[in-house]
Amino acid sequence: MGLGYSLLVRPMLALMDSEKAHSRALLGLRFTSFTFLGRWMLRVIYRPRNVFSKCMGLDFPNPLGLAAGMDKKAEAMPGWENLGFGFIEVGGITEHEQSGNPKPRMFRSGKHGALVNRMGFNNPGSQLMSSHLSKSSKPGVPLFLNVGKSKITALEDAHLDYAKTVERCQEYVDGFVINVSSPNTPNLRELQKDEDLARIIEAVQQHSGNKPVLIKIAPDLEDMQIRSIVDTARGLGCAGIVATNTTIERPEEEGIMLETGGLSGRPLRQRSTQVIRLIADHTDGNWPIIGVGGISNADDAWEKIINGASLIQIYSAMVFQGASAIKSIVNGLDKKLKSHGISNIEDAVGLARRA
Ligand SMILES: Cc1cc2nc3c(=O)[nH]c(=O)nc-3n(C[C@H](O)[C@H](O)[C@H](O)COP(=O)(O)O)c2cc1C
């Protein structure tokens, strides 16, 4: 099936408009995972070995999660679980429903292994999301909700917007990721400033039912700003940090790189790892980091882990490789642990810092 994907599905999807291809793939996964037989098939073909991990008081069958934005409406949760993800982050969801930016707003470049998107938080809003989650069966792996700010909400009221979404969805998920780092909502990244961030975290914590609250940051910050955000969030009791979101930097000026939006995939890998390392050094490895940005194989995943990430996530690799990326990354990590004589992933976290 991995070969089938490479030969048949991927070239077909490559011919399609990126967003259309994405919705078709999601629909396919949703239908396949609808029946017992379909779920069994997904497990047989794709599921990786168990590489158990514990973090933030939660148990993970493996440390690789689905990054935010791939399943904004939580439409295919059983699919992601049966494909073998160790955790799932759905959303971003905002208080109010919104349609996002005009299409086309998602672009891919096979040559660069990269995507540019300016989706702009197209999502059904937290009222509908909470009603959908209440009717869905909760996956057997930890489920996080990525929370954004509605475009119509003024920056000074942002904390109320985030808190409303968290309040509405609190019962149905295991934790929250406060997204103050999407480049596609005007001025959203300004909310990474200490006083704004603190107000949002405090408002969210009042409604999170003591479930883990994490923040997700941009890779385009100065190192000093990152340390300051970490101090604020950690000081207020956030459970950890997701590093990083997409970048507005462009390593090259051609093809999709000319499009406005956030760049993800291979060109983001190095900066994302630098940010992870910076945070791990600053917190002496004592604060959970979910590492995301340009992971496309087990080596990339290992690099993130040994530089301080306890958990990792992928988005772009799913677009370029399909679901076989999950097995190849997780089984590859298992091999790396064995070759280093390490019995669990926690012992590998930050290994490069201790060298
Ligand atoms: C089309 C698209 C939509 C995204 N939507 C969100 C989102 O709603 N919230 C969020 O925090 N990150 C979002 N992201 C960022 C990803 O979660 C991830 O941080 C980024 O793509 C880097 O990982 P990657 O290099 O593995 O793709 C989105 C990324 C893409 C490509």
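Here the residue numbers are simple positions, counted from 1 along each chain's written sequence. Selection of residues for local features in this predicted model requires a pLDDT of at least 70, selection of side-chain atom pairs for listing and counting requires 80 or more, and totals for whole chains, interfaces and linings are taken over all residues. Only heavy atoms go into the side-chain values, all of them from the structure, while hydrogens and water stay out.

### So, the overall build of the chain
Convention followed: By the criteria applied, helices consist of DSSP H or I runs no shorter than four residues and strands consist of E runs no shorter than two, each listed in order from the N terminus. With C-alpha atoms as the basis for the radius of gyration, the globule rule is written as 2.2 Å multiplied by the number of residues raised to the power 0.38. The buried label goes to any residue with under 20% of its type's maximum accessible area, the exposed label to any with over 50%, and the partly exposed label to all in between, with areas taken from a 1.4 Å probe on protein chains only. Here, two residues are considered to be in contact whenever any of their heavy atoms come within 4.5 Å of each other. Working definition of accessibility: Shrake-Rupley area with a 1.4 Å probe, residue cover restricted to the visible protein chains.
Of regular secondary structure, the chain possesses 13 helices and 13 strands. Whereas a compact globule of 355 residues would reach a radius of gyration of roughly 20 Å, the chain reaches 19 Å, a difference of no more than 12%. Each principal axis of the C-alpha atoms in the chain carries an extent, and together these give about 50 × 50 × 45 Å. The proportion of buried residues among the 355 residues of the chain is 57%. Pairs at least 24 residues apart make up 74% of the contacts formed inside the chain by residues separated by at least 6 positions. Carbon together with sulfur atoms contributes 53% to the accessible area of the chain, which is approximately 14,900 Å² in total.

### What about the pattern of salt bridges?
Stated formally: The term salt bridge refers to a side-chain nitrogen of Lys or Arg lying within 4 Å of a carboxyl oxygen of Asp or Glu.
Evaluated as defined, the whole model comprises 19 salt bridges. When the shortest N-O distance is used, the salt bridge between Glu259 and Arg118 registers 3.0 Å. Placement of Glu259 in the loop between strand E10 (240-243) and strand E11 (262-265) and of Arg118 in the loop between strand E6 (114-117) and helix H5 (126-135) is noted, with a sequence separation of 141 residues between them. Among the salt bridges present, the one from Asp334 reaches Lys338, with a minimum N-O distance of 2.9 Å. Here Asp334 pairs with Lys338, and both are found in helix H12 (residues 324-339), just four residues apart, close to one helical turn. Using a relative accessible area of 9% as the deciding quantity, one classes Asp334 as buried. The exposed category is assigned to Lys338, whose relative accessible area is 58%.

### Side note on the site of the ligand
Condition: One heavy atom within 4 Å of a molecule or strand is enough for the residue carrying it to be called near that molecule or strand. For the purposes of these results, a polar contact is taken to be a pair of N or O atoms within 3.5 Å, where, inside protein, one atom must be able to donate a hydrogen and its partner to accept one; residues adjacent in sequence count only when each atom of the pair is a side-chain atom. Gly is placed with the polar residues, together with every amino acid not listed as nonpolar (Ala, Val, Leu, Ile, Met, Phe, Trp, Tyr, Cys and Pro) or charged (Asp, Glu, Lys and Arg).
Neighbouring the ligand are 24 residues; Ala68, Asn146, Gly265, Gly294 and Ser316 lie closest to it. The backbone of Gly92 places a nitrogen or oxygen atom 3.1 Å from an oxygen atom of the ligand. Within the backbone of Gly265, an N or O atom sits 2.8 Å from an oxygen atom of the ligand. For the ligand, the protein covers 98% of the area, taking 610 Å² as the surface of the free molecule. Contributing elements (two or more residues each) for the shell around the ligand: E6 and E11. Looking at the shell around the ligand residue by residue, the classes come out as nine nonpolar, 13 polar and two charged.

### Quick word on the packing of aromatic side chains
The criterion, for reference: The rule is short: rings of Phe, Tyr and Trp, with Trp giving its six-membered ring, pair when the centres are within 6.5 Å, and they are stacked under 30 degrees, edge-to-face over 60, tilted in between.
Scanning all chains against the criterion turns up three aromatic pairs. Between Phe60 and Phe87 the ring centres are 5.3 Å apart and the planes differ by 85°, which places this aromatic pair in the edge-to-face class. Pair noted here: Phe60 is in strand E2 (residues 58-60) and Phe87 is in strand E4 (residues 87-93), with a separation of 27 residues, a long-range link. You'll find Phe60 and Phe87 in the same group, each marked buried. Consider the rings of Phe87 and Phe144, whose centres lie 6.0 Å apart with planes at 80°: the pair is edge-to-face.

### A few points about the sheet that holds strand E3 (residues 64-66)
Let me state the cut-off plainly: In this analysis, strands are considered paired if DSSP registers two or more bridges between them. In this analysis, axes come from line fits to C-alpha atoms, helices being fitted only over the stretch in contact, and the angle between any two N-to-C directions falls in the range 0 to 180 degrees.
With respect to topology, eight strands assemble into a closed barrel ordered E3-E4-E7-E8-E9-E10-E12-E13, the strand pairing being parallel. Ignoring strand direction, the axes of neighbouring strands in this sheet form an average angle of 25°. As paired elements, strand E12 (residues 289-292) and strand E13 (residues 311-314) share three bridges and run parallel to each other. Looking across to E13, one finds that Gly291 is bridged to Ile312. Across the face of the sheet, helix H9 (residues 269-282) comes into contact with strand E9 (213-217), E10 and E12 while running at roughly 165° to E12.

### Quick word on the pairing of E4
When a strand is regular, its side chains alternate between the sheet's two faces. Note the threshold: Place the viewer so that the strands point away; then a crossover is right-handed whenever the path from the first strand over the helix to the second strand goes clockwise.
A large share of E4 lies buried, amounting to seven of its seven residues. Examined bridge by bridge, E3 and E4 share two bridges and lie parallel to one another. From the neighbouring strand, Gly65 faces E4, where its bridge partner is Phe87. Between the parallel elements E3 and E4, the chain passes through helix H4 (residues 77-83) in a crossover that is right-handed. As paired strands, E4 and strand E7 (residues 143-147) are joined by five bridges and run parallel to one another. Across the sheet, residue Gly91 finds its bridge partner in E7, namely Asn146.

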